[in-house]
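Examination of the molecular architecture
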Amino acid sequence: REFARLNLTYTVMSKRLLLQMVQEKRVAGWDEMLSADPPKDAIMQNWHAQKLGVKAAEAGYDVIMSPNRETYLDYDQGLKDDPHTYPEFGKWVYLPWWRVLAFDPMKGVDPKFRKRVLGGEACNWTNCTPTEEELLWKMWPRECAFAEAVWTAGKPDRATFPARLAPHVAKMRADGVAVAPFVE
């Protein structure tokens, strides 16, 4: 009898948990989904101009801000002798660390809609970064700039950032991590 009761309890609890998990799932999609009238609980991943993310937040959608020209780490860094560039993308596609540091996921968002911005994301598409060495090269130090941009209250200080970053870069290089040069 005890086993039957435990089995029934387990089954009921499992079904309740599964039902809860299914009910809490939400659709997430790129900012193009705004033109398709998505459900109001959808999460919109902004990758075009940030103004589309602002528009989505104002329309009542939760948003993850990742505008490509400010957060796509697979873009060239604008280094003079960068071994990992993609001329086929065109000259406009370069993203130096200081532009990543200036990224503000709340830029242009009215304070009454800020709760709709879930945060930011820095993307590094591996179709553009085919090796681990290249992935790391494109990631560092810009990922540090991104972290500071989204986790710092207020605007990060560009003038003091290189000095704060120097010990981290030295440690990564000592550990054999491919870190791009840190240039203005």
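Presented here is an overview of the structure given in this document. (Residues numbered from 1 in each chain as written. Predicted model: local features only at pLDDT ≥ 70, side-chain atom pairs only at ≥ 80, totals over all residues. Heavy atoms only, no water.)

**Things to note about the overall build of the chain**
The number of helices and strands found in the chain is seven helices and four strands. Listing the helices and strands of the chain from first to last along the sequence gives α-β-β-α-β-α-α-β-α-α-α. Out of the 184 residues in the chain, the part that is buried amounts to 38%. Sequence separation of at least 24 residues holds for 56% of the intrachain contacts in the chain that already meet a minimum separation of 6. Total accessible area on the chain stands at roughly 11,500 Å², and carbon and sulfur atoms take up 61% of it. (Helix = DSSP H or I, 4+ residues; strand = E, 2+ residues; numbered from the N terminus. Buried < 20%, exposed > 50% of the residue type's maximum accessible area, 1.4 Å probe, protein only. Contact = heavy atoms within 4.5 Å. Areas by Shrake-Rupley, 256 points an atom, 1.4 Å probe, with all protein chains shown as cover.)

**A closer look at the packing of aromatic side chains**
Throughout the structure, instances matching the rule amount to eight aromatic pairs. Plain terms: the ring middles of W47 and Y72 are 6.4 Å apart, the flat faces sit at 20° to each other, and that makes the pair stacked. Remark: Y72 occurs in the loop between α3 (68–71) and α4 (97–101) and W47 occurs in the loop between β2 (43–46) and α2 (50–58); sequence separation between them is 25 residues. Residue class for Y72 comes out buried when judged on its relative accessible area of 6%. Through a chain of ring-to-ring contacts, three or more aromatic side chains come together here, namely W30, W47, Y72, Y75 and W125. In this structure, R99 is placed above the aromatic ring of Y94, and the distance from its NZ or CZ to the ring centre is 5.3 Å. Over the aromatic face of W97 sits the side chain of R158, whose NZ or CZ is 5.8 Å from the ring centroid. (Phe/Tyr/Trp six-rings, centres within 6.5 Å; stacked < 30°, edge-to-face > 60°. Lys NZ or Arg CZ within 6 Å of the ring centre and 35° of its normal.)

**So, the nonpolar core**
Residues V63, M65, V100, C144, F161 and M172 are the most contacted members of the largest nonpolar core, which totals 31 residues. Among the elements of the structure, α2, β3 (62–65), α4, α6 (142–151) and α7 (161–174) are those that each provide at least two residues to this core. Counting residues per element, this core draws most heavily on α7, which supplies four residues. Apart from residues lying up to four places away in sequence, M65 is in contact with N46, Q50, G53, V54, F103, P105, V109, V117, G119, G120 and E121. (Core = buried A, V, L, I, M, F, W, Y, C linked by side-chain atoms within 4.5 Å.)

**Comments concerning the sheet that holds β2**
One key point about sheets: their strands pair by backbone hydrogen bonds, in either a parallel or an antiparallel sense. Here we have four strands laid out as an open sheet, ordered β1-β2-β3-β4, and parallel in their pairing. For this open sheet the edge positions go to β1 (28–30) and β4 (117–120), each flanked by a neighbour on one side alone. Neighbour to neighbour, the strand axes of the sheet diverge by 20° on average, direction disregarded. (Pairing = 2+ DSSP bridges. Axes fitted to C-alpha atoms, helices over the stretch in contact; angles between N-to-C directions.)

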